[in-house]
Amino acid sequence: MRPSLRVFALLLALLGPLSILAAAQDVVECPDDSLTTYLVSLLDVLYSSSLSIYEQLVVSVSETDGGYDLLLSLYNSTATSTLLPPSDAAFAAAGITGFDGWAEADILDLFALHVFKGTQDDTVPAYPLDGIGTTYLSIAAQMNSTTRSDADQVVVLVANGTGVSVVQASSNVSSWSTQVDVSNAGLGNIAILPLDGLLSAPPNITTALSDLGLTSFAAELADGLDALEQLTPDGFTIFAPVDAAWTNETVGAVKANSSLLTNLYTTSYTLYSPAWYDSGAFPSLALDSGAAASVTYNGTGHYVTLGSVTAAIVRADVPLENGVMHIVDRVLFDTAASTDDTATSGTVDKCHFHVFRDSPKIADETTSLAQILPFDIAHTF
């Protein structure tokens, strides 16, 4: 706790006389007078925008050592960050009316997950592409892990026609109004985009596969799931085939050589879709099998290619606790190839050299996503 810093959230600036009579006097004490002014302005905007419970969250954050440091870094930053305050109704629906009695770590994690670096304009591309906003929530802190990692959790943002949705593993949270006007509040490096729901921390892979109905892949991974849920220093990306992709052939190939599954993930890199759609391709992603996959984007969609096999990415950027999952329509190995000596039909040298080819297409373009997806989602490619 920081006993020297106490911010009472009922602010008087911009309030009319009748409201002033009902409000308590402000007491703001910060070691830095400029930070005091900044916080007063921020809380005033939140209060006047009827975001009173989120306002209480900011107050609670300011009273913790880590929270004070985070607020100070936001104040000192030359770049803009966007706050994603849930509405009072969203907090109430989650049974949250205040933060008395909450652990400091939980208060800080909740706040940090609802702030991303950047703005809506520079982060969210045109539909149906995803934007990736990096939050201030440390993945290592969220997972209580001692693994060395500088990675922060992300929010996946997509334009929804009337605003922005934050796409979570199995649900979406939408902006419920336009951005709050802060032009006259002295908050030049803050944008505020209210949401109609609370964001939840991304799930581990076991929960995500279950929630999204990817039961066949979960069964194939089986005892290996625990290892894939661990935080690694350099990231984690997994390509999860839909249930329809697990034919007798592919299941039999895995039974004969379980190392084939390492063609479907890497424990050394977290790859989000902007890394391939901005340039049209991410030409070489080193997988745990030792092979390299290429990921491409063109006017027909997103694709991942490994050797002679190309799969369509039917949903990109499913956030996981320790990385990201992309859902694909094929298993990334050739069941006709020999599996005696290698985990894939092709290998690469230590430099992971890969020759870029024209963007591939789905083998059967008459197949719709609705035929292969086992779940209903509001956002697909």
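This is a predicted model, so every value here is computed, not measured. (Residues numbered from 1 in each chain as written. Predicted model: local features only at pLDDT ≥ 70, side-chain atom pairs only at ≥ 80, totals over all residues. Heavy atoms only, no water.)

Draft legend 1. Representation of the confidence of the model for the protein chain in the model. Model confidence for the protein chain is summarised by a mean pLDDT of 84, while 80% of its residues fall at 70 or above. Per-residue pLDDT stays below 50 along residues 1-26; that stretch engages in 46 contacts with residues further than four places along the chain or on separate chains. Across residues 338-381, confidence stays below pLDDT 50; counting only partners more than four residues off in sequence or on other chains, it has 83 contacts. (pLDDT = per-residue confidence, 0-100. Contact = heavy atoms within 4.5 Å.)

Draft legend 2. Broad picture of the pattern of salt bridges. Taken as a whole and judged by the stated rule, the model has one salt bridge. The shortest N-O distance in the salt bridge between Lys117 and Asp152 comes to 3.2 Å. In this pair, Lys117 is assigned in strand E2 (residues 115-117) and Asp152 in strand E4 (residues 152-159), connecting sequence segments 35 residues apart. Asp152 sits in the partly exposed class, given a relative accessible area of 22%. (Salt bridge = Lys/Arg side-chain N within 4 Å of Asp/Glu carboxyl O. Helix = DSSP H or I, 4+ residues; strand = E, 2+ residues; numbered from the N terminus. Buried < 20%, exposed > 50% of the residue type's maximum accessible area, 1.4 Å probe, protein only.)

Draft legend 3. Quick peek at the pairing of strand E5 (residues 164-167). Side chains of E5 alternate between two faces, with Val164 and Val166 and Ser165 and Val167 buried alike. Of the pairings in the sheet, the one linking E4 to E5 comprises three bridges and is antiparallel in character. Looking at the pairing, Leu157 lines up with Val166 of E5. In this antiparallel pair of consecutive strands, E4 and E5, the connection spans four residues, and Gly161 shows a positive phi of 95 degrees. Summarising the sheet, E5 and strand E6 (residues 172-174) pair through three bridges and their orientation is antiparallel. (Pairing = 2+ DSSP bridges.)

Draft legend 4. View of unusual backbone geometry. Of note, the amide linkage connecting Tyr127 to Pro128 takes the cis form, showing an omega dihedral of 10 degrees. Within the secondary structure, Pro128 is located in the loop between helix H7 (120-123) and strand E3 (131-138). One non-glycine residue with positive phi stands out, namely Ala222, at about 45 degrees. Assignment of secondary structure puts Ala222 in the loop between helix H10 (215-221) and helix H11 (225-228).

Draft legend 5. Region of the structure containing the environment of Gln230. Within the element layout of this structure, Gln230 appears in the loop between H11 and strand E8 (237-241). A relative accessible area of 47% places Gln230 in the partly exposed class. C-alpha of Gln230 to C-alpha of Glu321: the two residues are 91 residues apart in sequence and 9.0 Å apart in space. Apart from residues no more than four positions distant in its own chain, Gln230 is found in contact with Met143 and Asn322. A polar contact is formed between the side chain of Gln230 and the backbone oxygen of Asp226, at a distance of 2.9 Å. (Polar contact = N/O pair within 3.5 Å; in protein donor to acceptor, adjacent residues only side chain to side chain.)

Draft legend 6. Up close: the side chain of Glu321. Residue placement: Glu321 occurs in the loop between strand E13 (309-320) and strand E14 (323-328). For the buried Glu321, no salt bridge exists, and the shortest N-O distance to an oppositely charged side chain is 17 Å, to Arg315. Residue contacts for Glu321: discarding those within four places in its chain leaves Ile139, Gln142, Met143, Gln153, Pro202, Pro203 and Asn204. (Lys, Arg positive; Asp, Glu negative; His and termini not counted.)

Draft legend 7. Just the nonpolar core, in detail. The biggest cluster of nonpolar side chains holds 49 residues, and the ones touching the most others in it are Leu209, Phe217, Leu221, Ile238, Phe239, Val304 and Met325. In terms of residue count, the dominant contributor to this core is E13 (seven residues). Excluding residues that lie within four positions of it along the chain, Leu221 makes contacts with Ile205, Leu209, Leu228, Ile238 and Leu261. (Core = buried A, V, L, I, M, F, W, Y, C linked by side-chain atoms within 4.5 Å.)

Draft legend 8. Representation of helix H12 (residues 248-256) within the structure. Burial in H12 covers these residues: Thr250, Val251, Ala253 and Val254. End-on view of H12: buried residues confined to an arc of 160 degrees, all on one side of the axis. Residues Asn248, Glu249, Lys255 and Ala256 are exposed on H12 and point more than 90 degrees away from its buried face. Contact partners of the buried residues in H12: H10. (Arc of directions from axis to C-beta.)

Draft legend 9. Inspection of the sheet that holds strand E12 (residues 301-306) at higher detail. As summarised here, the arrangement of the seven strands in space is E9-E8-E14-E13-E12-E11-E10, forming an open sheet in which the pairing is mixed. The two strands at the open ends of the sheet, each matched to only one other strand, are strand E9 (265-266) and strand E10 (281-286). Taken together, the four bridges between E12 and E13 define a ladder with antiparallel strand orientation. Bridging from a neighbouring strand, Tyr303 pairs with Ala312 of E13.

Draft legend 10. Broad picture of the packing of helix H2 (residues 33-48) against helix H4 (residues 65-76). Look at H2 against H4: their axes get within 11 Å of each other, and the N-to-C directions meet at 90 degrees. What the angle tells us is that H2 and H4 run roughly perpendicular. Where H2 approaches H4, its residues Ser34, Leu35, Tyr38 and Leu39 are matched on the opposing element by Tyr68, Leu71, Leu72, Leu74 and Tyr75. Residue classes in the contact of H2 with H4 are distributed as eight nonpolar, one polar and no charged. (Axes fitted to C-alpha atoms, helices over the stretch in contact; angles between N-to-C directions. Parallel < 35°, antiparallel > 145°, perpendicular 65-115°, else oblique. Nonpolar A, V, L, I, M, F, W, Y, C, P; charged D, E, K, R; others polar.)

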